[in-house]
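# Notes for the structure review
Residues per chain, in single letters:
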Amino acid sequence: MRYFARKFGFFVATLWAVVTLNFLIPRLQPGDPAEIMVKKLAGKDAQLDPAQVRAMRAMLGAPDGSLVQQYGTYLGELVRGNFGLSYSYYPFKVTEVIGQAFWWTVILVTVTQALSFVVGVVLGAYAAWRRNSRFDSVVTLGSTFLGTLQPFWIALLLLYVFGYSLGWFPTSGGYEESTPGLNFPFVQEAVSHSFLPALALLIVTPIGWILGMRNTMIMNLGEDYIRLAKAKGLPDRVVALKYAARNALLPSVTGFALALGGVLGGAILVEQAFDYPGLGRLMGEAVENKDYPLLQTLMLLTTVGVLVANLVADLLYGVLDPRARRAQS
Amino acid sequence: MSLLDVSDLSVRYEPKSHRPLDAVQHVSFSIEAGEFVGLIGESGSGKTTLGTALLRLLQRPGRISAGSITFDGTDITHLHEDELRDLRWRDISTVFQSSMNALNPVTRVEAQFRDVIEQHSRLRGEAVTTRIRELFDMVIIDHRFISAYPHELSGGMRQRVNLALALALEPKFVLLDEPTTGLDVVVQHSILENVRRLQAEQGFAVLFISHDIGTVLDLSDRILVMYAGRIVEEQPAAALLRDPLHPYSKGLLGSYGDPRAETVRITYVPGRPPDLSLEIRGCSFAPRCPERIARCTEVDPPLLPMAAGRAACHVAQLQRDEGGAGEHGEPKRTFDGPQFVKTAEESTQALRGDVVLTVDHVSKVFTRRRGLTVQHTEAVTDASFVLRKGEVTALVGQSGSGKSTLARMITGVDSPTTGRIVFHGPNGDQEVAGFRGRSLRDYRSNVQMVFQDPYSSINPAKRLGYVLARPLANYHGLKGDALRDRVEELLETVALTPADRFVNRYGYELSGGQRQRVVIAKALAVEPDIIVADEPISSLDVSIRAEILELLGGLVQTKDVGILYITHDLLSARMLADEVIVLNNGRIVEQGQTLAVIRSPQDAYTRTLIEAIPNPF
């Protein structure tokens, strides 16, 4: 039990650090959002009127006061769930803007990641069990080759082949004319729009799991407890699953949580290639427009996402590996 | 019909990048129901490969290339895995080499009994639990450990659990492959006692694979001696001890001394086993054999019935022929090889040497802080002794007795909590704990360490010349020709000759014994006053142990250094040490001249240690 309490304590401490960094980092960047906004409204070459800038700043509720005061306000608002108004989508609240994009990305990423993990681990384990077979060679060589490709490059390729040339799938957006919600036409459109982005991610992401799982599993197959399990006359299925794969899975579980964070990076480019209405595209826009509140909230969201994934992985690891529980409790 | 019949069995390894290698060559033997057979040989002799082949667990690139294995009337040599599965564990089970890792680390012990019991018997649910309890009773382990995870058990307990697991289905045959190597002598002794008792009660047959002739002789009814992939001798244990046929068996017997004798003599077999991937002409042991005759280098001796068993030796055969003794000499019982001799007289002499280090009422308490709780562990309590020049002091105790902690304090890695360690060096008396920076560095050139595992103590990326030159350049500032001469001198001191042949080699190209010599040469490089040797021979084969002991023994006399020899094995302490210090739970329980302590131990713990030494004589 102490293992789990400790892990949770670490989680809270890291969360605080993240929240603070998230406050500081955007403020270190050069440039004034109000100025950019005025320029955007008045045209690039227009003369900047200080009064206009001040007015814009007041309207946006842009931060003023010392850094400490700002930090205090920031924490207070955070607790109340008030993330402010978006500069670029003014006058919408940040939460509303994110709310619209949130599920697009979360569903895309979770589904592809979970699928990649399962596919990768199963293929990797099977390749290791049938080591040096044709299956193993195909999987290992294929993975090594595909692993050199980048998801956004594959996205462009898919877009060209299946979107423009063959015209099987829509090339941009998330849906066409239907009303968002749980109705059949919308779900159908959403799935067909998500298919290519998902495929772009699915071609590359399992590779890490395949190679990782294969290598750990091969190492584990040399262990005494595998030889003993064979000597015990247990069916191959039991030896492979309960003895070999069960142990080889452990490093992958930690890896999975860590990978979730990196995956969002890949997703940003893929989303932009498909003009997919998700968080990745939103993040790109927020950076371009110096939309502090939106950017901060997005960063916070992703880091919290990674932290939660890590916590889950830690807890899961504790369940899966009895040695970890004792070593740290 | 025997329970297990092995006939003309060969195992070949065919790796893609190397020459094929016949690890087991034309081996034939049989084991009767309920018989306890020992299989002895040094590492690389093929004994473990043979065992693995019997279990049909060989993995590529290894395969059975000839011969047959018949178990209980069924030919299992090429039996399909599905049919084999019914035989596994129900009839044939095993305990692996020091199986610290033979239990699945992520599942409870109970589950690992349950899966195999349910696989091969009709027992289910509560009946299985009852059986597991019985098995735990058999190996004398508390029932609460049934639901433990493997890492929660100590090494000895784990091995008992493995033994219980092997007996779960009342097999007819159990293969024990070095089941106690790596465990403390006392634990080893109690596990083997357990094996013997259970074997007598339940009547299963055993093939006991070991490199330790003492325990094999102690336990077995009959013994197979394996060398270079072949069986070179087979005899009942008593006959082997009384009248060994093959010179290699004599060599193995010679590596075992009686610790109670006034003068201990142990012989060793010089040289190394042959490379099995090369063609061998004549007898494979001939190059190392003191009894070699012309025929040995030309004709491969067959394994023939002789005396009470079988042997593959021309000389033994000729001597035992009608009238052969007259022409070829009487059979010898001993191995005419190099000897290592330790006399009680030497020890008495050594105890008069100059004191070089004093350990004065030293205690060490480790403090572990975890959150708000602080845990104190007393690793060493009030230890006092001295180290002398020209003397070997043995520190004997089980793992966890505090011997390594003492070594760390003597080398200046840790400092004592209370008490003092004083070094009587060229600059007068200095306290070890007071050394910092430069003075600590100077002190380290006076105290050198030799570790247990020669395989990981030499940088594999550097040539030996470089390995040995480092300490010389660091501490003595030697350069160029002077440096090279000194390196070669060192190699010669540890009998790696001719030195120029070793300078440009890498550590991994050498045998275990040669590597340990390099490690010792490295320690000698800076001309230390004290060498702390932590189990320097325990990972080496019996036949080369004596070699290293002799080297260390010789150094003490010629180089005038003091050696602190750390070991869990009282027998090797007797061979090397003049004085012995017995450590139990951080306390010195007994201390004195080695022979005196072994002959009349005062402390109960010392007596336990002495009883644990296998004594076939």
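Described in the following lines is the structure provided in the data block. (Residues numbered from 1 in each chain as written. Chains lettered and ligands numbered in written order. Predicted model: local features only at pLDDT ≥ 70, side-chain atom pairs only at ≥ 80, totals over all residues. Heavy atoms only, no water.)

Further remarks concern the side chain of Glu590 of chain B. All names here are of chain B. Of note, Glu590 is situated in strand β24 (residues 587–593). Of the buried charged residues, Glu590 lacks a salt bridge, with Arg607 as the closest side chain of opposite charge at 6.7 Å. A polar atom in the side chain of Glu590 sits 2.8 Å from the backbone nitrogen of Gln602. In terms of polar contacts, Glu590 uses its side chain to reach the backbone amide nitrogen of Asp603, at 2.9 Å. (Helix = DSSP H or I, 4+ residues; strand = E, 2+ residues; numbered from the N terminus. Buried < 20%, exposed > 50% of the residue type's maximum accessible area, 1.4 Å probe, protein only. Lys, Arg positive; Asp, Glu negative; His and termini not counted. Salt bridge = Lys/Arg side-chain N within 4 Å of Asp/Glu carboxyl O. Polar contact = N/O pair within 3.5 Å; in protein donor to acceptor, adjacent residues only side chain to side chain.)

Residue and element names in this part refer to chain A. Over its 13 residues, helix α6 (residues 134–146) runs 18 Å from end to end, which matches the ideal 18 Å to within 8%, given 1.5 Å per residue. Along α6, the residues that are buried comprise Asp136, Val139, Thr140 and Ser143. Each buried residue of α6 sits inside an arc of 90° when the element is viewed along its axis, so together they form one side. Exposed and oriented more than 90 degrees from the buried face of α6 are Arg134, Val138, Leu141 and Phe145. In the core, the buried residues of α6 are packed alongside α5 (94–129) and α9 (206–221). (Expected span 1.5 Å × (residues − 1). Arc of directions from axis to C-beta. Contact = heavy atoms within 4.5 Å.)

Let's shift gears to the interface of chain B and chain A. Facing 28 residues of chain B, the contacting portion of chain A comprises 28 residues. When chain B packs against chain A, close to 2600 Å² is buried across both sides, 54% of that on carbon and sulfur atoms. Summed over the shared surface of chain B and chain A, the result is two salt bridges. We note a salt bridge from Asp236 of chain A to Arg85 of chain B, for which the minimum N-O separation is 3.6 Å. The tally of links between chain B and chain A comes to nine residue pairs in polar contact (both at pLDDT 80 or more). Counting only elements with at least two residues in the side of chain B that touches chain A, the list comes to β6 (92–95), α3 (109–120) and α5 (155–166) of chain B. Counting residues per element, the side of chain B that touches chain A draws most heavily on α3 of chain B, at five residues. Across the side of chain B that touches chain A, the residue classes break down as 11 nonpolar, 11 polar and six charged. (Buried area = accessible area lost by both parts, 1.4 Å probe. Nonpolar A, V, L, I, M, F, W, Y, C, P; charged D, E, K, R; others polar.)

Below, the discussion takes up a nonpolar patch on the surface. All names here are of chain A. On the surface, Phe152, Trp153, Leu156, Leu157, Tyr160, Val161, Tyr164, Leu166, Trp168 and Leu269 cluster together into a nonpolar patch covering about 1100 Å² of accessible area. The element contributing the most residues to the nonpolar patch is helix α7 (residues 151–165), with seven residues. Residue placement: Leu157 occurs in helix α7. (Patch = residues over 30% accessible without salt bridge, like charges linked within 9 Å, V, L, I, M, F, W, Y side chains within 5 Å. Areas by Shrake-Rupley, 256 points an atom, 1.4 Å probe, with all protein chains shown as cover.)

Residues and elements named next belong to chain B. Each neighbour pair has its own omega, and for Arg60 with Pro61 the value is 5°, a cis peptide bond. The residue Pro61 is located in the loop between α1 (47–54) and β4 (62–71) in this model. A positive phi is found at Asp8, a non-glycine position, where the angle reads about 55°. For Asp382, which is not glycine, the phi torsion reads 50° and is therefore positive.

None of this, on its own, says anything about what the molecule does.
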